[in-house]
Structure formats: structure tokens, C-alpha cells
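Structure at a glance
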Amino acid sequence: MTTNEIERREIELVPIEPANPRTLRGIAVPYGALSHVLNDRAKPYRERFDPGSVEYDDRTVMAYGHDLSGVPLGRVGAGTLAFQETAEGLAFSVELPESRADIVEALRRGDLDGSVSVGFIAKDDRWQNRTNPAVRTVRSAILVELSICHAGAYPTAQGTIA
């Protein structure tokens, strides 16, 4: 069953680009990888995304902690956030604003471990309920936002900052 509610999943960031110390690169959605057990529904489950299942547009933003009330850290339409399909998953690159040196410093110091989280609207999914926990496969989704956060849901994507 799908709804129009924004769902959020967290994964870890891969290294900052050495050529620009404010550019973060990583995998926003690791295709085929199972998440940690999620508990945002009546019963625990794990989740994975099919390859090519995620759409985005010029309104897709990078935020901190899923806070969409503030100024975005990057936006596709502004050219400061970009996505690319790869064999691993949906890759991203964001040029963080100079005014957010606090985030870059927290990543470098290890106060933030590099986790990122996706906020999405599922358009099509399939459930395998005969497993414990159940497994949800997202077949089609709209990416609303990508956030730098404190903990990741997908253990297969981990990175560092230079």
C-alpha cells in the first residue's frame, strides 16, 4: 500500500571531494541493499530499493536533519545538488554553502559520522510478509529531500570526509 506521506531512510555518506572541501559525494539510495530493521509501522521490517526506482526534480533539496523549514544546503534546480545513476545506487554530489562551515567541521571532526537520509514518497512497493521481519521493496519513489543526519538506516554505504 502506498500513501503520499514523506518517508525517511538514513544511510552513510562517502568521502568529501578533495578538490573542493565543501563538496560531499556519496550514495543516497543503495540499490538492492537491505536497511537496518525499521520500526515506523505497526510491525518491524527491512527495506530495499530496486535499481532505477527513484525520481527527483529541480525541487529536490539537501537539508540537515530533515528540517525543511530552513535554508536548503543544496538544490537540484540551483545546480548545487546533483544525482547520477550508478551500479551501486543513486549517487549524489552537493556543494555545501560557505555559511555552513559548522557542518563541514562536524563531519571532519567525526561529530557527524557521514550518515545521510532520504525523504521520499513511495509510488509503488511490494511486501514480502513471510519473512521475519517483513521486507519492503520500493519499486518507484519520488525523492523529496536528502539530509545529513546522525544515524544511518543502510549499513552498506559508509564514508569519510577529508
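Refer to the structure above for everything that follows.
Here's a quick rundown of the structure.

The rules behind the values
- Residues numbered from 1 in each chain as written.
- Predicted model: local features only at pLDDT ≥ 70, side-chain atom pairs only at ≥ 80, totals over all residues.
- Heavy atoms only, no water.
- Buried < 20%, exposed > 50% of the residue type's maximum accessible area, 1.4 Å probe, protein only.
- Helix = DSSP H or I, 4+ residues; strand = E, 2+ residues; numbered from the N terminus.
- Arc of directions from axis to C-beta.
- Contact = heavy atoms within 4.5 Å.
- Salt bridge = Lys/Arg side-chain N within 4 Å of Asp/Glu carboxyl O.

Let us look at helix α1 (residues 101-109). Every buried residue of α1 is accounted for by Ile103, Val104, Ala106 and Leu107. Taken end-on, α1 shows its buried residues confined to a sector of 160 degrees, consistent with a single buried face. Looking at the buried side of α1, the elements it contacts are β3 (23-30), β6 (61-64) and β11 (134-148).

Tallied over the entire structure, the rule returns 12 salt bridges. One salt bridge in this structure joins arginine 22 and glutamate 95, with 3.0 Å as the shortest N-O distance. Separated by 73 residues along the polypeptide, arginine 22 in the loop between β2 (14-16) and β3 and glutamate 95 in strand β9 (residues 89-95) bring together distant segments of the chain. Since its relative accessible area comes to 36%, glutamate 95 is described here as partly exposed. In this structure, arginine 109 engages glutamate 105 in a salt bridge whose closest nitrogen and oxygen atoms are separated by 3.9 Å. Highlighted residues: arginine 109 and glutamate 105, both in helix α1, separated by four residues, approximately one helical turn. According to the relative accessible area criterion, glutamate 105 is partly exposed, its value standing at 44%. Through salt bridges that share partners, Glu7, Arg41, Glu47, Asp125 and Arg136 make up one connected network.

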